[in-house]
Structure formats: structure tokens, C-alpha cells
There are 2 protein chains.
Amino acid sequence: MLHRVRIALDAMGGDHGPAIVLAGAELSLLRHPGIEFVLYGDRAVIAPLLMVHARLQGARLVHTEVSVKMDEKPSQALRNGRWKSSMWLAIDAVKKGEADAAISAGNTGALMAMAKFHLKTMAGVERPAIAARWPTLTGAAVVLDLGATIGADAPHLVNLAVMGSAMAHILGDIARPKVGLLNIGVEEVKGLEPVREAGRILRETARPQLDYVGFVEGNDIGTGKVDVVVTEGFTGNIALKTAEGTAQQIAAYLKSAMGSSLRNKLGYLLARGAFNLLRQKMDPRKFNGGVFLGLNGVVIKSHGSTDAEGYSAAIDVGYEMVHQDLLSQIRHALGREVPAIPTTEAQAAGGAAS
Amino acid sequence: MLHRVRIALDAMGGDHGPAIVLAGAELSLLRHPGIEFVLYGDRAVIAPLLMVHARLQGARLVHTEVSVKMDEKPSQALRNGRWKSSMWLAIDAVKKGEADAAISAGNTGALMAMAKFHLKTMAGVERPAIAARWPTLTGAAVVLDLGATIGADAPHLVNLAVMGSAMAHILGDIARPKVGLLNIGVEEVKGLEPVREAGRILRETARPQLDYVGFVEGNDIGTGKVDVVVTEGFTGNIALKTAEGTAQQIAAYLKSAMGSSLRNKLGYLLARGAFNLLRQKMDPRKFNGGVFLGLNGVVIKSHGSTDAEGYSAAIDVGYEMVHQDLLSQIRHALGREVPAIPTTEAQAAGGAAS
């Protein structure tokens, strides 16, 4: 089946810029020939690269010389890059309905600020979140919020549960994803008040889209016990980075131990296949692609330092979100499908007046 | 040098009870012959075990039939176990000056509740913390708070920095431990307001006991970039458990990969020495022993499921804390050494009146 999905790429974003973005797009076209790409960035750099990638001949290129720097503050990026940067233009394409999703490997804070500013949050969602797949022993879990919004009241945590479930449903083809609230104990009396309150709400209100299983702890995330792990952005970001750091630390220990004697080196050579398996299991590229949730549009953040394969994983996530209509699923689950249009209009009017 | 350090053991605490506690105490006596143990618990179980452990002949045994259950809520434990449980009596020995430190592998929440209730917080410290060593590429860092107190204002975070530094100073023999505040970015504008405010205070007030280096992220904890990582208890607990979970997850991947073919199995056998090295590096027993900070007494929490070696590591931590006078170091660093006695009396009077 050929599904037409239009994806806007911020070709200038990321540590390696257009070379990786275009190579990643070519890889994704192998899997999803129905994608139509629009590339935003510097024609002088991108045009020659387009010649190299035969599959991208059909891609449209929109020239801009402005790009958001990796170290710009969100406020600076908005000031310098609004209306004209490659990042803004990719988001703008989604806003105007010219693209179904925008993808960038650029500055995360700037991307979130621009996406929020331009696309606005959905009716019923006050603050956006970033969600990504987290490798587990049984596959992958969706974990959110990874740092978009600091702090959360109970209704926001419930929204995160609903939005994360929609994403897990799409990515894992799970009818009713199991959802856990991240806490410092599994007993109902433990932890932060908003977390306990969100637990009460999720327990007492059955939802067809998700199966709330209770509190989970940090060591449950990687087990596959739940399909969705919900927490606010400060804790989520620290959990994610702590897990990444721990994986790097163990990899360093392992490398040093394997090189510590001739015998160990020989063993390593012999079991190279096993180490390759391990590397594959832990390969962060496979899990690349943070989904911005709660906005009126699909925006995906790729890791800035990833390679073509990693970038294509982020594109694939965007493709699935569009293809299986994440936004409608979330609106439906939030019970806002019918009144969505008038509410949005009212909000827009309120926004203009304020 | 023989230093007399009196340690009260809750012999009934932990998943395995007195057998592990006594075997651990015997191991610690090999390294620190100057420790005098007092054991609290059921004479019928402990007395026969004392016969087996020759080095423990000098230990005093105080009989009680009451012990705190691992699944009791703190409030229940206080109601059922106050005055008479082995856990309470060990803390009471510290309170009465009959022991220099209390150690328990029992119920963490109950231990903290009893310790806080009975020993009270130090002058200048409103809420206690739990701190432990975290393995790093260069050795170990002290991380706190691992879950004693949820949430923190800036002054509390500064207190954590001071107390954690005193512990790192003792354990790592570091004159001025490097301290980092855990945050979701290293820029000064990032993160929670109390964290930013604590950063300002630590930056602007030079302290002879610690070297504040700024914000650190989750992936910095294991690198050894800082000697002390400061965060409030909710985030700290989740970071710790996430790291433990990630280590278990990678160990599971590694085990499965190594067993996945005859060739890999042979490689594993050949490089067994390297895997033993890795296991040692990651051995949680070496880092066992959570120190309760901010109380008028030294209390150490051992992991409930540890073995004799792990338990003895917790005893050793308690020994060092007493031997190098953690409490005076903290009081001095908090600038409360001189007015400590009147302030404490005033607090006690206030506490009795309230």
C-alpha cells in the first residue's frame, strides 16, 4: 500500500546538517516509498547533495539562508529565526497544511518553542510533552515527558497518559497499552501528591484506550512491565539521561575489561557476534525520534548527533504518527473530537485578544 | 590504630535477618577490630549464631521479640515498634549515647520515620536525606537525596550540598569535593527554580568545604565529573532506580547474547576473567550503605536483600562516618557548631510544646 505522507525536513538542523538529513530521508524512502519530502535550507549546500540521492529527485527544496544555531536559547531562536529559518519553515509547512509532519535534528529548546508558538497546544492540553521509545527487555516502551514541561499537576499527568497511549498504540500496535505512573514506590500512599491524584483519576475512570496498571519505579522502565511510562519533564529527562549515562558507563567497563589481557581479547574476538548483538540491542539510533505531543501538528525531534540510519528512524516515527493519525487519536481519546473546531476558534480568539 | 566505635545493629532487619547481619559484622571486624557491636533482636535466633562467629564473642545482645515488618507503613511501624522493636532499640542506643551509629537492613520508610522521630533533625536542617555512593568511571560519587524527602527549596538543596560534601570528604579523602546540582541542562537558565536559586547561592558563597562546579545532567553522574550530586528525593530515587534497572537490563542482554551460540559460549569462557572484572565494577554490594543525613545521630540503611559482604560494606560506611566524625563536620560546615546546644534545646522545647 502506498500512503502519501508529506514530511517537511529542517535540512540544516543537527550536528552534521544536510548530509545526514538527506541520507536519512533516502533510507526512509526505501521503507516508505509514499513519503513526499520538502527540504528547507541552503540551496547551495542541499542541491549538490540531492544529485547524489537518486530517490530524493522528487523532493521539493525551499531555500533559506537562515538556520537556528544549536546553542541558541529558545527566545533568541524565536527572535532570529521566526518566519525565515529552516526550522520555522518546516513547522510552518505543517501549520499551513502543506506538510503532515515536521522533522528536525536541531536545537530542542528552539524547536519546542517554535512548534508551541506556531502550532499551539490542542484543545484540552495546556502544555506539550516530548515522548520517545525506551528499549525494554520485551521491546520498547513509550516514556514521557522527557523534558518539554517542568512540573505537572494531576490533569496534565492524565493527559500524558492518554497521549502516550495513543503513541504506543500506533508504534506497538497495542490495542490498550499498559500505562504506569513513575513514582518512588508502588504503594498508593507514596510519592508526590499530583502523581497520587493522577493515579486516583486513572484508576477510577476506565478508558477504552489505555490500561492503567498503577505506579512503576525507575527500575521497572526497562523491564517491559508497561507500554507507557508517565512522568513530568524534569524527572523524565533525568531518568533518560541517567539511563544513557549508565549504558555508556557499562560499555566503558566492558571495553576496558575485554582489552585487559590477551586471553580476554581472544575471547572477545571469538564472541564478537554476541557483542554485535548487544550493540544492536542498545543501539540508540533505533530509538531515535522524540515526538512532540499535545500540539496541533506532528513534530519530531531527531537526536542532533545521530547518523543517517538514526535520522531515518526519526522520519519513520513521523511517518507512522501521520499514517495512523496520531492527532485524531489523541483528540478522540481526550473526548474533544466533536467540539474541537469551535474550541480551537475560541482559543485562537482568546489568544489574539491577550 | 584501634579506634573504639560502638555500632548498634538491628539484627532482625532485612530479607534474610540475623544470619546475614552477624556474618556481615564478623567480616567488618576483620577490617576494623575496634568496632564494638550491640545486637538487638530475638535471643533464640541470635544466640546460636553468635556461637558460630568467633569474632563476635565480645558483642552484646539485647533481647526483643518485636521486629518491624518489611511491608509495614512508617506510621504502623512507629505505632507497633516504638520503644520495643529491634529497629527502634538500635536507634535508641544512638539517642542515649550508648552507640555511635545504628545500622538496619529493614524497612527504609520505617527506619527513616523512627530515626527522624527519635533523633530529630540537626539545628539548621529541616528535613533529612539519604545519601549513598554511586559507582563512577573514576571511583564513586555521593548522590543525595535518594528518597528521604520529596521536593526541596533552595536552602534545603544547599544543605544537601554541604552534608553530601562532608560524606564525600570522609569516604573519598577529598579535601574539597566537587559538587554538582542535578538539572536538565547545564545552562544557568535551565530547570526548576529552586535548583537555579541553589546554584546562585552556591556560586556566590565560597565555602571551604566544597567546590561548586554547576549543574550536571543525568548522564554526568557516572562519569566521575563531580564527587557529589545533589537533587531532591523524588528525582534522586528515580535516577538511582533507573540506573539499577538499566544495569540489570544490559546484564540480561549480555547473558542472552553470550549464550546465543556455541562460538559465543566459548568466547565467554575464554574471557571469563573480563566478565568477572565487569561484575566486580558493577557489584552493588560494594556500594551498599545509605547514610541518613541531617539527623542528630548516624543511621545507616543497608539494602534489604544484600548478603554478608554487602552488609559489612554498610557497617564499614557507618564506621567511617563515626570515626571521622561526620556529625561535627556537618555542624561545622553549616556554621552551627558554637550555637548547637542552645538551639537544640530551644528546638526540643518547641517540639515538646507543639
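The structure we're discussing is the one just above.
Presented here is a report on the structure given in the accompanying data block. The shown structure was predicted, so the numbers you read here are calculated from the model rather than taken from an experiment.

Considerations on the pairing of strand E4 (residues 101-104) of chain B
All names here are of chain B.
- Residues of E4 alternate between two faces, with Ala-101 and Ile-103 on one and Ala-102 and Ser-104 on the opposite face, all of them buried.
- In this sheet, E4 lies alongside strand E1 (residues 5-10) in parallel orientation, the contact comprising four bridges. Paired with Asp-10 across the strands is Ser-104, a residue of E4.
- Judged from the four bridges that link them, E4 and strand E11 (residues 298-301) form a sheet pairing that is parallel. Opposite Ile-103, over in E11, you have Ile-300 as the bridge partner.

A few points about the interface of chain A and chain B
- Opposite the 54 residues of chain A that make contact, chain B presents 54 residues.
- Taking both partners together, chain A and chain B bury about 4,600 Å²; carbon and sulfur atoms supply 74% of that area.
- Together, Ile-184, Phe-234 and Tyr-253 of chain A form the three largest contributors to the area buried by chain A at its contact with chain B, with a combined 15%.
- Counting across the interface, chain A meets chain B through two salt bridges.
- Note that Lys-241 of chain A is salt-bridged to Glu-217 of chain B, the shortest N-O span being 2.4 Å.
- Counting across the chain A and chain B interface gives 12 residue pairs in polar contact (both at pLDDT 80 or more).
- Of all the secondary structure elements, the ones that give two or more residues to the side of chain A that touches chain B are strand E5 (129-136), helix H8 (233-258), helix H9 (262-270) and helix H10 (272-282) of chain A.
- With 18 residues, H8 of chain A is the largest single contributor of residues to the side of chain A that touches chain B.
- Its residues assigned to classes, the side of chain A that touches chain B comprises 31 nonpolar, 17 polar and six charged.

A word on a nonpolar patch on the surface
Residues and elements named next belong to chain A.
- A surface patch of nonpolar side chains, about 300 Å² in accessible area, is lined by Leu-262, Leu-266 and Leu-269.
- Mapping Leu-269 onto the fold places it in helix H9.
- For Leu-269, a relative accessible area of 42% translates into the label partly exposed.

Structural notes on the environment of Ser-328 of chain B
Residue and element names in this part refer to chain B.
- Looking at where Ser-328 falls in the secondary structure, it is placed in helix H12 (residues 326-333).
- Take Ser-328: its relative accessible area is 26%, and that puts it in the partly exposed class.
- Note: C-alpha distance between Ser-328 and Glu-72 (256 residues apart in sequence) is 33 Å.
- Looking at Ser-328, its side chain comes within polar contact range of the side chain of Asp-325, at 2.7 Å.

As for the relation of the copies chain A and chain B
- Mapping chain A onto chain B leaves a residual RMSD of 0.0 Å; the transformation is a rotation of 180° accompanied by 0.0 Å of translation along its axis. Taken together, the rotation angle and the small translation identify this as a two-fold axis. In terms of C-alpha distance to the rotation axis, chain A has Gly-267 of chain A as its closest residue, with the C-alpha 2.0 Å off the axis.
- Here 100% of the interface residues in chain A have copies in chain B that are interface residues too; the copies meet face to matching face.

Here we look at the environment of Leu-144 of chain A
- As for its position among the elements, Leu-144 of chain A is in strand E6 (residues 139-144).
- Measuring from C-alpha to C-alpha, the distance between Leu-144 of chain A and Gly-233 of chain A comes to 7.3 Å, with 89 residues separating the pair along the chain.

Conventions and cut-offs
Residues numbered from 1 in each chain as written. Chains lettered and ligands numbered in written order. Predicted model: local features only at pLDDT ≥ 70, side-chain atom pairs only at ≥ 80, totals over all residues. Heavy atoms only, no water. Buried < 20%, exposed > 50% of the residue type's maximum accessible area, 1.4 Å probe, protein only. Helix = DSSP H or I, 4+ residues; strand = E, 2+ residues; numbered from the N terminus. Pairing = 2+ DSSP bridges. Contact = heavy atoms within 4.5 Å. Buried area = accessible area lost by both parts, 1.4 Å probe. Salt bridge = Lys/Arg side-chain N within 4 Å of Asp/Glu carboxyl O. Polar contact = N/O pair within 3.5 Å; in protein donor to acceptor, adjacent residues only side chain to side chain. Nonpolar A, V, L, I, M, F, W, Y, C, P; charged D, E, K, R; others polar. Patch = residues over 30% accessible without salt bridge, like charges linked within 9 Å, V, L, I, M, F, W, Y side chains within 5 Å. Areas by Shrake-Rupley, 256 points an atom, 1.4 Å probe, with all protein chains shown as cover. Least-squares fit on C-alpha atoms with pLDDT ≥ 70 in both.

On their own, these measurements won't tell you what the molecule is for.
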